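For reference, the chains in residue letters:
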Amino acid sequence: MRLSRYFLPTLKETPAEAQIVSHRLMLRAGMIRQQAAGIYSWLPLGHRVLTNIARIVREEQDAAGCHELLMPTIQPAELWKESGRYEDYGKEMLRIRDRHERELLYGPTNEEMVSDIFRAYVKSYRNLPLMLYHIQWKFRDEVRPRFGVMRGREFLMKDSYSFDLDPAGARQSYNRMFVAYLRTFARMGLKAIPMRADTGPIGGDLSHEFIILAETGESQVFVHRDLVERDILGEAVDYESDLQPLVDSWTSLYAATDEKHDPIAFGALADGQRVEARGIEVGHIFYFGTKYSKPMGVTVQGPDGKPIHPEMGSYGIGVSRLVGAIIEASHDEAGIIWPETVAPFRVGLINLKPGDAGTDALCDDIYAALCSAGTEVLYDDREERAGVKFADMDLIGLPWQVVVGPRGAAAGRAELKRRKGGERHELDRDAVLERLLG
RNA sequence: CGGGGCGUAGCGCAGCCUGGUAGCGCGUCUGCCUUGGGCGCAGAAGGUCGUCGGUUCGAAUCCGGCCGCCCCGACCA
């Protein structure tokens, strides 16, 4: 992508409303535009990141055996009256009426609707277990939206729902999501720690929050060092196997947010094992049994011909929140530092002197080579001063920068800079490509 | 939902107290210049001062209502 033809409205100054670093950087990097309190437009750069995060989430859900569908943002009130939540949910639920005065709502979550779909089609125990998910916009009319996309009213969420025959099966589904979440966040370059959680208005008796560590996180967390240092991506996972030992290996070590913190238990850990940090909640998983299947009349026929209420769970990831959360976890004074897996472009190519034949030629050559190799490149070919280009490129945080100036170009050389850490190497054209593609 | 604050050009702000010509910086546009870290010079465009009403000869400025946004706290993917 040539920057001269792209839509990237970066800002030199920070808009006044932004308090936290991710919000400031997202506004300055031209990723989002606020349209109302807690409601944002996603501009091209932000949209790319959002899409990349959703892609990783999707791949891991699919790998864990979930099936993607797509439910609407607007739901009929009737379903929520069946479960009893139409009254219970309170003012956080945005209620609307259509022209026929029918009661509708902008969905804050989808337990009722997925239960409706399930009960319409699934009639036999033979079809269980079943896990369905979608990635869809939600609306919760928060009293006080803040922190940019970290706590918006409209937000993009991945929500999965499991249906099982019995509690043991439900536990296995829960464990699948537990492991899938660990992998999902790890792939985004995040340290995510599962912590036992309250079940909140969703209900149920088994629940974990996934908290990622970030210096600017909202809540204080206390964790065993082994959890922080563990690399889940290095461990083979077979979703068909019993995942309980793997889950236990995570839940048996100390990890708590400040609300659930037990200073005595934490203090009992050996020196060097105690990690105190700040955290941001990016995922939450629940097992809630028949809380919805019973009132909504969801049954399948068992082997003995009798009806069985499926055991259910639901599993959420804040996809749009993750964009902010990743920035909170990965930035410096100059701007964002994207992990490669979610970066809007992998490489930023800076032409320091557009119009100079040698510089243009080398840039065009490198650009074409990277593009044809399938690497996403943002090519800064603007008529701007070097400082502007460096500042913008650092701000938007692409993992790699290739800097081509007239002096180097004359010798066929360019500078390769890694955004994270900042080390640079002057290399010839082939070596640059080798480093990036090899 | 309690407490506090703010709405003046795309962004950041001054002007308001003490009523009388709407300003500054950045950004944008044009030209020149410059070209390895947000240069320099010259010119230009751009504002119903959130909104409705009141006071006044006259309101960005004083008074009241409404709307919007932000911050702190209680609550949440």
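Residues numbered from 1 in each chain as written. Chains lettered and ligands numbered in written order. Predicted model: local features only at pLDDT ≥ 70, side-chain atom pairs only at ≥ 80, totals over all residues. Heavy atoms only, no water.

Moving on, we get to the sheet that holds strand S21 (residues 400-404). On the basis of which strands lie adjacent, the open sheet formed by five strands has the order S20-S19-S21-S22-S23 and mixed pairing. Both outer strands of the open sheet, strand S20 (377-380) and strand S23 (424-428), are each paired with one neighbouring strand and no more. Going across the sheet, the axis of each strand differs from the next one's by a mean of 20°, ignoring polarity. Strand direction decides the pairing type here: strand S22 (residues 413-418) and S23, joined by five bridges, are antiparallel. Its bridge partner being in S23, Arg413 is matched across the sheet by Asp428. Strand contacts of helix H11 (residues 357-372): strand S19 (347-351), S20, S21 and S22, with the helix running at about 165° to S19, the strand carrying the most contacts. Lying over the sheet, helix H14 (residues 429-437) contacts S19, S21, S22 and S23, oriented at roughly 125° with respect to S23. (Pairing = 2+ DSSP bridges. Helix = DSSP H or I, 4+ residues; strand = E, 2+ residues; numbered from the N terminus. Axes fitted to C-alpha atoms, helices over the stretch in contact; angles between N-to-C directions. Contact = heavy atoms within 4.5 Å.)

Let's shift gears to the packing of aromatic side chains. Any pair of aromatic rings gets described here by the distance separating the centres and the angle formed by the planes. Under the defined criterion, the tally for this structure stands at 13 aromatic pairs. Ring geometry for Tyr181 and Phe185: centres 5.9 Å apart, planes at 80°, overall edge-to-face. Of this pair, Tyr181 and Phe185 both sit in helix H6 (residues 167-187), four residues apart, which is roughly one turn of the helix. By the burial criterion, Tyr181 is buried, and Phe185 matches it. Centre to centre, the rings of Phe185 and Phe210 are 6.1 Å apart; their planes meet at 45°, and the pair counts as tilted. In this pair, Phe185 sits in helix H6 while Phe210 sits in strand S10 (residues 206-213), placing the two residues 25 residues apart along the sequence. Its relative accessible area of 0% is what places Phe185 among the buried residues. Overall, Phe210 belongs to the buried group, its relative accessible area being 0%. Ring pairs connect the aromatic residues Phe178, Tyr181, Phe185 and Phe210, which therefore count as one cluster. Here the guanidinium or amino end of Arg95 rests over the ring plane of Tyr86, the centre of that ring lying 4.7 Å away. (Phe/Tyr/Trp six-rings, centres within 6.5 Å; stacked < 30°, edge-to-face > 60°. Buried < 20%, exposed > 50% of the residue type's maximum accessible area, 1.4 Å probe, protein only. Lys NZ or Arg CZ within 6 Å of the ring centre and 35° of its normal.)

With 87 residues, the main nonpolar core has Met31, Ile53, Phe185, Met188, Val323 and Trp338 as its most contacted residues. Looking at this core, the element that brings in the most residues is H6, giving 10 residues. The residues touching Val323, leaving out its near neighbours within four places in the chain, are Met26, Met31, Trp42, Val49, Leu50, Ile53 and Trp338. In terms of nonpolar packing, the next biggest core, distinct from the first, is built from 24 residues, Met71, Ala77, Met93 and Phe286 among them. (Core = buried A, V, L, I, M, F, W, Y, C linked by side-chain atoms within 4.5 Å.)

On the secondary structure map, Arg28 appears in helix H1 (residues 21-28). Buried charge without a partner: Arg28 forms no salt bridge, and the closest opposite charge is Asp392, 6.4 Å away. If near-sequence neighbours (up to four positions away) are discounted, Arg28 is found in contact with Pro9, Thr10, Leu11, Lys12, Glu13, Thr14 and Leu395. (Lys, Arg positive; Asp, Glu negative; His and termini not counted. Salt bridge = Lys/Arg side-chain N within 4 Å of Asp/Glu carboxyl O.)

Before going further, it helps to spend a moment on the environment of Gly84. Relative to the elements of secondary structure, Gly84 occurs in the loop between helix H3 (77-83) and helix H4 (85-88). Gly84 sits in the partly exposed class, given a relative accessible area of 22%. A C-alpha to C-alpha distance of 9.3 Å links Gly84 and Tyr292, two positions 208 residues apart in sequence.

What follows concerns the protein's contact with RNA strand B. Residues in close proximity to RNA strand B total 43 residues, the closest being Ala16, Arg144, Glu281, Asp394 and Arg424. Considering the 4 Å shell around the protein, atoms of RNA strand B inside it are sugar or phosphate in 43% of instances. Interatomic distance of 3.5 Å between a backbone N/O atom of Gly387 and a sugar or linking oxygen of RNA strand B. A distance of 2.6 Å is found between a base oxygen of RNA strand B and a side-chain nitrogen or oxygen belonging to Arg424. Top contributing element to the surface near RNA strand B by residue count: helix H12 (residues 386-396), with seven residues. By residue class, the composition of the surface near RNA strand B is 15 nonpolar, nine polar and 19 charged. (Near = heavy atom within 4 Å. Polar contact = N/O pair within 3.5 Å; in protein donor to acceptor, adjacent residues only side chain to side chain. Nonpolar A, V, L, I, M, F, W, Y, C, P; charged D, E, K, R; others polar.)

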